[in-house]
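# Structural description and commentary
Listed here are the chains, written in short residue letters.
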Amino acid sequence: LPEDRNYDLYQLACKVTARRFFPNFLNLDATFNQSEDWRADDPQRYMHEVATMGCRTRVFENRFGPKTSIGRGNLSFSTINIVRLAIECMHIENKEERIAQFFAKLDHMLDITARQLHERMEFQKTAYAKQFPLLMSSLWLGSEKLKPNDTIAPVINQGTLGIGFIGLAECLVALTGKHHGEDAASQELGLKIVSYIRNRANQFSEEYQHNYSVLATPAEGLSGKFTRRDRKQFGSLSGITDRDYYTNSNHVPVYYKCSARHKAEVEAPYHEMTRGGHIFYVEMDGDATHNPEVIMQVVDMMDRYNIGYGSVNHNRNRCLDCGYENAETHLEKCPKCGSTHLDKLQRITGYLVGTTDRWNKAKLAELNDRVVHN
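Residues numbered from 1 in each chain as written. Predicted model: local features only at pLDDT ≥ 70, side-chain atom pairs only at ≥ 80, totals over all residues. Heavy atoms only, no water.

### Concerning the layout of surface pockets
Applied cut-off: With a 1 Å grid laid over protein atoms only, a set of points is called a cavity when a 1.4 Å probe fits there but cannot get out and a pocket when it is open yet has protein on both sides within 12 Å along at least five of seven lines; lining residues have an atom within 4 Å of a point. Grid points are joined across faces, edges and corners, and a volume is the space filled by probe spheres set on the points. Where helices and strands are cited, they refer to DSSP runs of H or I of at least four residues and of E of at least two residues respectively, numbered from the N terminus. Each residue gets one of three labels, nonpolar for Ala, Val, Leu, Ile, Met, Phe, Trp, Tyr, Cys and Pro, charged for Asp, Glu, Lys and Arg, and polar for the others, Gly among them.
Looking at the largest pocket, its volume works out to about 1,200 Å³. Lining the largest pocket are 27 residues, and of these Tyr10, Leu26, Asn27, Leu28 and Asp29 sit closest to its centre. At the level of elements, helix H1 (7-20), strand E1 (25-26) and helix H10 (292-304) are the ones that each hand at least two residues to the lining of the largest pocket. Here the lining of the largest pocket gets six residues from one element, more than from any other, and that element is H10. Of the residues that constitute the lining of the largest pocket, the class distribution is 13 nonpolar, six polar and eight charged.

Here it is as C-alpha cells:
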C-alpha cells in the first residue's frame, strides 16, 4: 500500500514488468504461502519463505524438516494426460457413470505415477555424497553432516516429487460438454478432480514417506505431444483435440474471451491445491510501459483472490539495430529504420524468448489463439 515501507520498490517492479515482462509476482500473503514460523521482525525470516523455480516447481511443504524453500528442491515429476482418460469415457451415455469411470481411470493412473516416482527416488537415494560435491557442501539441508561415502538418502528425502496434470479444460469438455471458464457445473467438477489428485498425493506421502506434491504442469512440449497422439487415435473432437495443443494445466483456455477478473475467479481456487507449482497470468493489450498501473491492478487482484504466483503478458518489440521499441503485434520490420533484425519478447508460459522461431507448432498455435483479458 502507498503508506507501507518499500512501496516505491513495488512501483518500480511494476514499471520494469511493463517493459520487460519480469519480475513476476509471488504472493507471500496467500494463505498457503505462509509458515507458522514466519515473523516480519525475524532476521532469519527468509528461511520460512516460499520460492519458485520459474513459473513452476514451488518447494515449501516438508514432512521431514522445516517448511522452507531454502536448501531443498524438486527431484522428479511426471505429468498425467487427464484429457485422454476423459476421452476414453465419452462413449458412456449416463453422465454419472461417465464421471465415475473417469475417476476410476484417474485413480489407477495416479497409483502408477506415484509408484514410478517412488522407484526413481529409491534409485536416486543410492548415490554418494562425493558424487555431488557442490550440492552436498551444505547447499542441501543437512548435507554438512554427510561424509563422502555416505549415501544422500537422508538429505534428498526433504526434496519433493511432483505429480502434474495437463488439459483440465479439454478434460471437462469431454466429460460435460463445457470447460470450467464457461460453466459453473464444469468448474465444480474441475475442482473435484484436482482436489482428488491433491488428496491422493497426500496419501502417497504417507504410504511411501516422501514429499509428494501436485503441480499445474505448463507443458511447453507435452501439450502438443499428447494432443497429436490422442487425435491420431480418437480423431478430431470439437473443443478437445481439434487444436494443436492442450490447455496449460487448470487454466481457462487462451482463446476463451473473458475478463481478467473472471479468469482470476475461476483459476484462483486451484492454486491452493497445486502446491507443487502454478501460475496465473492475464493478456494485456497495448503498450504496457505507458500504463504500469494496470500491472499493479493485476497484482492487487492476485492478493484479493488468494493467488500464489502470477504475471502479465503483453507484446514488446526491440530493434537490435537502432534500439527502437514498440508493442505492435506481428511486427515484421522496424518502423524507424526498416531493419528486420528484431527482438520480440514473448512469454511461452513462464519463460521469455526473443524470437518465436524455435517455438514448437503447438505453442505457436496457442500464441496465435490468445485473446486479451479486459
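### A word on a positive patch on the surface
Counted only if it meets this: Candidate patch residues must exceed 30% relative accessible area and have no salt bridge, after which like charges are joined if within 9 Å and Val, Leu, Ile, Met, Phe, Trp or Tyr side chains if within 5 Å. For the accessible areas, the method is Shrake-Rupley and the probe is 1.4 Å, while residue cover comes only from the protein chains on display. Any Lys or Arg side-chain nitrogen located within 4 Å of an Asp or Glu carboxyl oxygen qualifies as a salt bridge. Positive charge is attributed to Lys and Arg, negative charge to Asp and Glu, and no charge count is given to His or to the chain ends. The atoms used to mark charge sites are NZ of Lys, CZ of Arg, CG of Asp and CD of Glu.
On the surface, a cluster of positive charge is made up of Lys225, Arg228, Arg229 and Lys361. Per element, the largest residue contribution to the positive patch is three residues, and it comes from helix H8 (residues 222-234). Take lysine 361: it is sitting in helix H11 (residues 361-369).

### Let's talk about empty space enclosed by the protein
Where empty space is left in the structure can be found by rolling a water-sized probe over the atoms. Across all of its chains, the model carries four cavities of 30 Å³ or more by this definition. Space inside the largest cavity adds up to approximately 50 Å³. In terms of lining, the largest cavity is formed by 11 residues, of which the most central are Leu26, Thr52, Arg58, His278 and Tyr309. Taken together, the residues of the lining of the largest cavity sort by class into four nonpolar, five polar and two charged. Space inside the second largest cavity adds up to approximately 40 Å³. Lining of the second largest cavity is provided by Glu170, Gly239, Ile240, Asp242, Arg243, Tyr245 and Tyr255. Considering only residue class, the lining of the second largest cavity consists of three nonpolar, one polar and three charged.

### Here we look at the pattern of salt bridges
Using the following cut-off: Per-residue accessibility, obtained with a 1.4 Å probe over protein chains only, is compared with the maximum for each type, and a residue is labelled buried under 20%, exposed over 50%, and partly exposed between these values.
Summed over the entire model, instances satisfying the criterion amount to 15 salt bridges. The shortest N-O distance in the salt bridge between aspartate 111 and arginine 200 comes to 2.6 Å. Pair noted here: aspartate 111 is in helix H3 (residues 95-124) and arginine 200 is in helix H7 (residues 184-208), with a separation of 89 residues, a long-range link. Aspartate 111 sits in the partly exposed class, given a relative accessible area of 28%. On the basis of relative accessibility, which here comes to 11%, the residue arginine 200 falls in the buried class. Across the salt bridge formed by arginine 231 and aspartate 244, the nearest N and O atoms sit 3.4 Å from each other. With arginine 231 in helix H8 and aspartate 244 in the loop between H8 and helix H9 (260-273), the pair connects residues that are 13 residues apart, well separated along the chain. Overlapping salt bridges bring together Arg58, Glu61, Arg198, Glu272 and Arg275 as one network.

### Brief notes about the sheet that holds strand E4 (residues 74-81)
The following threshold applies: In short, DSSP must find at least two bridges between two strands for them to pair. Lines fitted to the C-alpha atoms define the axes, with helices restricted to the stretch that makes contact. Angles between their N-to-C directions range from 0 to 180 degrees. Note on contacts: a residue pair is in contact if any heavy atoms of the two residues lie within 4.5 Å.
Read across the open sheet, the three strands follow the order E4-E5-E6; overall the sheet is parallel. Every other strand in the sheet has two partners, leaving E4 and strand E6 (211-216) as the edge strands with one partner each. Direction aside, the axes of adjacent strands within the sheet are offset by 25 degrees on average. Bridging between E4 and strand E5 (residues 160-166) involves seven bridges; their strand directions are parallel. Bridging across to E5, asparagine 81 finds its partner in isoleucine 166. Against the sheet, H3 engages E4, E5 and E6, with an angle of about 155 degrees to E4.

### Points about the packing of aromatic side chains
We count it as follows: Only the six-membered ring of Trp is used, alongside the rings of Phe and Tyr, when aromatic pairs are assigned; centres must lie within 6.5 Å, and planes under 30 degrees apart are stacked while those over 60 apart are edge-to-face, with the rest tilted. Counting as a charge over the ring demands two things of the Lys NZ or Arg CZ atom: a distance within 6 Å of the ring centre and an angle within 35 degrees of the ring normal.
According to the stated counting rule, one finds seven aromatic pairs in the structure shown. Here the aromatic rings of phenylalanine 102 and phenylalanine 103 are separated by 5.6 Å at their centres, their planes lie at 80 degrees, and the arrangement is edge-to-face. Each member of the pair, phenylalanine 102 together with phenylalanine 103, is buried. A ring pair is formed by phenylalanine 103 and tyrosine 196, whose centres lie 5.5 Å apart and whose planes are at 80 degrees; its orientation type is edge-to-face. A residue pair is termed long-range when its members are at least 10 positions apart, and phenylalanine 103 in helix H3 and tyrosine 196 in helix H7 qualify at 93 residues. Exposure remark for phenylalanine 103: the relative accessible area of 13% places this residue in the buried category. Every member of this aromatic cluster is reached through a ring pair, and the members are Tyr7, Tyr10 and Phe25. Lying across the ring of tyrosine 128, lysine 130 places its NZ or CZ 5.8 Å from the centre. Here the basic side chain of arginine 243 rests over the ring of tyrosine 255, its NZ or CZ set 3.5 Å away from the ring centre.

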